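Summary of the model geometry
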Amino acid sequence: MLITAILILLFGCLLSAFAARRPRIASGVFLTSLISGCLIGILSPFIGTRPEIVELGGGWNIPSARLILSLDGLSAFFLVATLIICLLSGIYGETYTRQSERLAQSVSIRPLFLLLTASLAVVVCAQNAVLFLFAWEAMALSSFFLVIIEDEKKENRFAGLLYFVCMHISALALFFLFSVLGKIAGTLDFGAIRAAMALGDKYPILIFSLAAIGFGLKAGTAPLHIWLQEAHPSAPSHVSAVMSGVVIKMGIYGFLRLIWILRLVPSFWAIFFIGTGLLSGIGGVLLALLQHDLKRLLAYHSVENIGIICLGMGLGCLGISRHNAALALLGFSGALFHVFNHSLFKSLLFLGSGAFYQALGTRNIEAGGGLLKKMPWTSATSLIAAAAISGMPPLNGFISEWLIYMAGLKALAMGETRLAAVSIAGLALIGGLALACFTKAYGALCLGLPRTKKAQEARDPGPGMIIPMFFLAAFCALIGLWPSSLLSFVKTAAMIVSGEPLGRANLALSGFISNAEILGLIGAAVLSLAAAFSFLRSRLISGFSQKGATWACGFTALGPRMQYTASSYVQVLMRPFSSFMGTQEYAHLPRGYWPTESSFKTNTPDPLLDGFLIPAVDAGGRSLSWIKRKRRARLQYSLFWASLFLLALLAWKL
Amino acid sequence: MQELSQILLVLIALFSFYALGNSSLIGCIKIIALQGMCLGLLPLIIDRQGFGIQILLIAAGMFILKGVLIPRVLSYAIREVKIRREMEPLIGYNASLLIGVFLIGISFILASRLPLPENIRTSLLVPVSLSVLMMGMLMMIVRVKAVTQVIGYLMFENGIYLFGLAISYQAPWLIEMGVLLDVFVAVFIMGIVINHIARAFDSINTENLTNLGD
């Protein structure tokens with residue numbers, strides 16, 4: 001089943017590449033193969049006899065490479081999350097591509113999207129390091145080409161280059177990681193490495209730091225997030241949805257698979273995950289608060305949510321290193337649950353941002369306003385996603401954050417006071433700031449009065465874009481109201497990561513599962529009560545009510561410039577943090593009794609990338625410029641020195 | 001069979017040598033075509049177990065690509081730009097022949113000291129592969145015409161292929177395909193680049209590119 005799905009996707013990729021010059025055929029091929037491939041892939045863990053490991057015949061003539069795919073609980077979990085997002089984003093993307101003048105001319109967007117989907121499916125199912133790395137590179141390259149698809153813009157080329165460099169550093173670290181593991185175990189099959197790992201824990205720091213670079217760069221954990229805020233805005237919206245919803249989760253998958261392979265992790269893993277989780281979470285949300293570019297804002301929220309996931313993983317690792325099965329299961333369940341949730345609501349937000357972008361012609365949230373009336377469906381689904389990502393109760397984001405809180409409390413009860421306290425407090429701070437950030441973005445875009453002419457003329461996109469968003473919003477609500485539907489699935493995956501048997505997992509998690517059910521029921525009850533009351537209210541006041549302009553409060557000459565802007569909304573909140581956020585203000589304030597022109601602009605660069613990395617690289621380049629001047633820019637000389645160096649190296653080693 | 005493969009290997013090394021001392025571009029292309037054909041035949045006679053369909057396919061692919069297709073592209077490229085001879089190499093022909101002899105010596109010494117798996121198929125394979133590789137590199141270094149650079153690059157790739165043949169038992173599909181694709185794309189691109197250089201500078205000296213700088 002799984003292999004059929006992957007083959008359908010790859011075949012669709014080839015066919016749509018051949019038919020690229022005829023958009024109608026290409027889009028037909030794209031939709032057919034995407035829908036059939038993804039649906040078969042999603043169903044493959046559930047139906048039929050489910051072999052744990054599928055080995056393809058034929059073999060692969062690379063030393064110690066085997067084509068093995070597995071569908072254990074962890075792989076199945078990530079596979080289902082991946083394919084749901086790819087399916088819905090792809091369907092949305094088809095309409096999005098056709099409506100965008102620039103993307104409609106692109107011949108490569110459809111095959112690349114299918115290739116990305118197929119490689120993601122292989123990454124999460126691969127059981128051999130060579131196959132894993134192969135799929136990992138395919139994923140990195142296809143997403144790189146999708147990022148630079150609008151390569152006529154300078155910032156897109158920069159973002160693509162940055163992404164490319166980061167992904168190559170990540171792949172390099174992973175090559176080293178798997179060669180170290182292969183050297184210890186003598187094989188590159190994940191299962192066999194796991195079996196050999198029980199013997200003893202060699203090179204813990206080396207393995208850990210390679211994994212932290214390799215998987216951390218992909219996941220975008222805080223000091224390594226530098227590519228995220230550049231790449232997400234550059235890619236087309238449905239690609240950003242997949243990249244933010246799924247591709248960065250591959251880093252999380254890698255961490256979890258590695259924990260599965262190692263069986264026992266030292267306690268400094270827990271400290272690292274909690275530390276990086278706090279840094280990513282708080283740093284990400286603070287930077288998000290200061291952005292005006294909607295997709296850039298969402299990209300920083302991805303950093304924040306990766307932070308939340310890291311907090312969960314940290315608590316899980318704490319449980320493993322302290323041999324506390326309940327804490328391990330709870331922490332990993334929270335992290336995995338949040339992985340699924342974040343992929344749902346973040347891709348929904350990106351899809352919504354694409355619809356807003358096409359309507360407004362800019363990603364600046366200050367250009368919107370009043371879109372709730374103009375684009376009701378897009379705004380409503382985005383509202384659900386925004387509430388879910390802020391952790392509002394009846395929705396899915398709340399359940400996963402609740403699980404992580406529970407894990408924190410469990411750790412507190414175990415006596416791990418410091419780690420537990422910082423993770424609980426950090427999670428609370430992140431949640432509050434995220435809520436502020438989404439009220440800002442949503443308020444500026446959808447509420448109030450339209451600020452620009454385009455915002456006045458905005459219309460909802462066609463059903464091809466609305467229906468996938470509707471499905472994602474429905475999933476968010478469904479999981480929030482009926483969490484046990486996903487929890488059993490999460491439990492299997494968490495059980496595999498923590499290496500606990502099923503019986504103990506059931507025992508440890510049963511209380512939380514029934515509590516989550518109660519939470520869902522309370523949410524459903526509150527929602528139905530609210531619905532009943534609002535129905536009652538509308539019946540009672542019908543005929544008496546009168547509608548005025550939004551926020552007019554009886555004032556008649558209301559203009560769109562009288563509203564709060566997004567930056568003025570967050571200014572009060574951000575004042576305590578202003579000293580280290582590095583926001584640049586360009587103010588031309590009104591002067592005198594009859595002020596004429598005035599303007600105010602702020603810009604918040606990324607503190608790490610723009611504040612440190614680019615200046616450092618520039619300085620390095622300048623300090624080496626004397627070598628550049630001395631070098632004769634002749635190909636033959638460079639070749640000569642390179643070959644001389646290689647010969648010397650060879651002679652030295654022999 | 002053993003002797004035949006030895007003879008082929010010696011021929012391959014001599015072809016490289018000949019290309020190093022030849023100033024005619026057409027001659028160089030013909031030589032590289034002959035070398036490619038020998039390389040294509042080599043997997044057939046080097047395997048003692050007889051040959052399966054896979055090896056036949058690879059041999060045919062190598063023969064056609066390296067012996068026929070790539071030389072065609074190259075001769076097309078130089079016909080377009082009307083260049084016949086490499087006039088001003090950085091190091092003269094006699095001197096580069098001498099360096100070539102020296103390199104063959106080095107590669108025999110290196111081959112005797114390389115830690116290789118025990119059962120290499122014939123004793124000449126590794127030294128010849130190293131010397132072809134080094135002579136290709138030398139050709140890239142001492143010549144300035146873009147076409148001769150490409151020929152040097154092809155020779156270099158041939159050396160890599162020979163080395164791969166030495167250490168892998170059944171010619172591994174994926175690696176071969178990768179190498180072939182790589183070479184083909186490279187030659188293709190260079191063919192186009194040569195044309196463009198010629199159009200921009202009225203010659204195919206890579207010297208002219210030096211002035212572009214950064």
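Quick caveat: nothing in here was measured; it's all calculated off a predicted structure.

Here is what the cut-offs are and how they apply
- Residues numbered from 1 in each chain as written.
- Chains lettered and ligands numbered in written order.
- Predicted model: local features only at pLDDT ≥ 70, side-chain atom pairs only at ≥ 80, totals over all residues.
- Heavy atoms only, no water.
- Helix = DSSP H or I, 4+ residues; strand = E, 2+ residues; numbered from the N terminus.
- Rg over C-alpha atoms; globule rule 2.2 N^0.38 Å.
- Buried < 20%, exposed > 50% of the residue type's maximum accessible area, 1.4 Å probe, protein only.
- Contact = heavy atoms within 4.5 Å.
- Lys, Arg positive; Asp, Glu negative; His and termini not counted.
- Charge placed at Lys NZ, Arg CZ, Asp CG, Glu CD.
- Patch = residues over 30% accessible without salt bridge, like charges linked within 9 Å, V, L, I, M, F, W, Y side chains within 5 Å.
- Areas by Shrake-Rupley, 256 points an atom, 1.4 Å probe, with all protein chains shown as cover.
- Salt bridge = Lys/Arg side-chain N within 4 Å of Asp/Glu carboxyl O.
- Expected span 1.5 Å × (residues − 1).
- Polar contact = N/O pair within 3.5 Å; in protein donor to acceptor, adjacent residues only side chain to side chain.
- Core = buried A, V, L, I, M, F, W, Y, C linked by side-chain atoms within 4.5 Å.
- Disulfide = S-S within 2.5 Å.
- pLDDT = per-residue confidence, 0-100.
- Phe/Tyr/Trp six-rings, centres within 6.5 Å; stacked < 30°, edge-to-face > 60°.
- Lys NZ or Arg CZ within 6 Å of the ring centre and 35° of its normal.

The next point concerns the overall build of chain A. Secondary structure assignment for chain A yields 28 helices and four strands. By the compact-globule yardstick of 26 Å for 654 residues, chain A fits well, its C-alpha radius of gyration being 26 Å. Taken over the C-alpha atoms alone, chain A extends approximately 90 × 70 × 55 Å along its principal axes. Looking at the 654 residues of chain A, the share that counts as buried comes to 54%. Taking the contacts inside chain A whose residues are at least 6 apart along the sequence as the reference set, 80% of them involve residues at least 24 apart. Averaging the locations of the 49 positively and 27 negatively charged side chains of chain A gives two centres separated by 3 Å.

Glancing now at the overall build of chain B. Within chain B one finds eight helices and zero strands. When the helices and strands of chain B are placed in sequence order, the string is α-α-α-α-α-α-α-α. Here chain B holds 214 residues, and 52% of them are scored as buried.

What follows covers a nonpolar patch on the surface. A cluster of nonpolar residues, M1, L43, F46 and I47 of chain A, forms a patch on the protein surface that exposes about 390 Å² of accessible area. The residue I47 of chain A is located in the loop between α2 (23-43) and β1 (53-55) in this model.

Before going further, it helps to spend a moment on the pattern of salt bridges. Residue and element names in this part refer to chain A. Summed over the entire model, instances satisfying the criterion amount to 10 salt bridges over all chains. Residue R322 pairs with E416 through a salt bridge whose shortest N-O separation is 2.4 Å. Highlighted residues: R322 in the loop between α14 (294-321) and α15 (325-360) and E416 in the loop between α18 (396-414) and α19 (417-446), separated in sequence by 94 residues. Within this structure, E94, R98 and R110 form a network of salt bridges that share partners.

Residue and element names in this part refer to chain A. Here helix α17 (residues 376-389) is 14 residues long and its end C-alpha atoms lie 20 Å apart, about the 20 Å a rise of 1.5 Å per residue gives. Among the residues of α17, those classed as buried are T378, S379, T381, S382, A385, A386, A387, A388 and I389. Next to the buried residues of α17 lie α14, α15, α16 (371-374), α18, α19 and α21 (463-481).

A word on helix α5 (residues 109-125) of chain A. Three or four residues apart is the spacing at which side chains of an α-helix point the same way, because the helix has 3.6 residues per turn. Given a rise of 1.5 Å per residue, 17 residues ought to cover 24 Å, and the 25 Å separating the end C-alpha atoms of α5 of chain A matches this to within 8%. Of all 17 residues in α5 of chain A, 16 are buried, a share of seventy percent or more.

Residue and element names in this part refer to chain A. When you line up the elements, S44 lands in the loop between α2 and β1. Separated by 2.7 Å, the side chain of S44 and the backbone oxygen of G41 make a polar contact. Each residue touching S44, except ones within four places of it in the same chain, is listed here: M1, L2, L71 and L79.

As a further point, take unusual backbone geometry. Negative phi is the rule for most residues except glycine; trans is the rule for most peptide bonds. Residues and elements named next belong to chain A. Unusually for a residue other than glycine, R263 sits at a positive phi of about 65°. Inspection of the secondary structure puts R263 in the loop between α12 (249-262) and α13 (267-289). A residue is classified by how much of its surface remains accessible, and R263, at 38% relative accessible area, is partly exposed. In this structure, H323 takes a positive phi of about 55° despite not being glycine. Mapped onto the secondary structure, H323 falls in the loop between α14 and α15.

So, about the nonpolar core. The biggest cluster of nonpolar side chains holds 206 residues, and the ones touching the most others in it are F78, F132 and W227 of chain A. Setting aside its immediate chain neighbours within four residues, W227 of chain A contacts L162, Y163, C166, M167, L217, K218, H232, M243 and I248 of chain A.

Residues and elements named next belong to chain A. Evaluated as defined, the whole model comprises zero disulfides over all chains. With no disulfide of its own, C13 lies 13 Å from the sulfur of C38, the closest cysteine sulfur. Since its relative accessible area comes to 12%, C13 is described here as buried. Cysteine C437 shares no disulfide, and the gap to the nearest cysteine sulfur, in C446, comes to 14 Å.

With that settled, the discussion passes to the confidence of the model for chain B. In the predicted model, chain B carries a mean pLDDT of 78, and the fraction of residues at 70 or more is 76%. For this predicted complex, the interface score ipTM comes out at 0.78, while the overall pTM is 0.80.

Below, the discussion takes up the environment of C38 of chain A. All names here are of chain A. Mapped onto the secondary structure, C38 falls in helix α2. For the pair formed by C38 and L83, sequence separation is 45 residues and the distance between their alpha carbons is 5.5 Å. When sequence neighbours within four positions are dropped, the list of residues in contact with C38 reads S33, L83, L87 and T117.

What follows covers the side chain of S142 of chain A. Residues and elements named next belong to chain A. Relative to the helices and strands, S142 resides in helix α6 (residues 129-147). For S142, the side chain forms a polar contact with the main-chain oxygen of M139, separated by 3.2 Å. In this structure S142 touches L112, L115, L116 and S119, once residues within four positions along its chain are discounted.

Turning our attention to the packing of aromatic side chains. Residues and elements named next belong to chain A. If you walk through the whole model with that rule in mind, you get 26 aromatic pairs over all chains. Seen in terms of ring centroids, F30 and F113 are 5.9 Å apart; in terms of plane orientation they differ by 65°. Their pairing is edge-to-face. Of the two residues, F30 sits in helix α2 while F113 sits in helix α5, which places them 83 residues apart along the sequence. Its relative accessible area of 3% is what places F30 among the buried residues. Classification of F113 as buried rests on a relative accessible area of 1%. These aromatic residues form a ring-pair network of at least three members: F132, W136, F178, F190, F208, F215, F255, F268, W269, F272 and F273. Across from the ring centre of W136, 5.4 Å away, lies the NZ or CZ of K218, which sits over that ring. The lysine or arginine in question, R257, covers the ring of W260, its NZ or CZ lying 4.7 Å from the ring centre.

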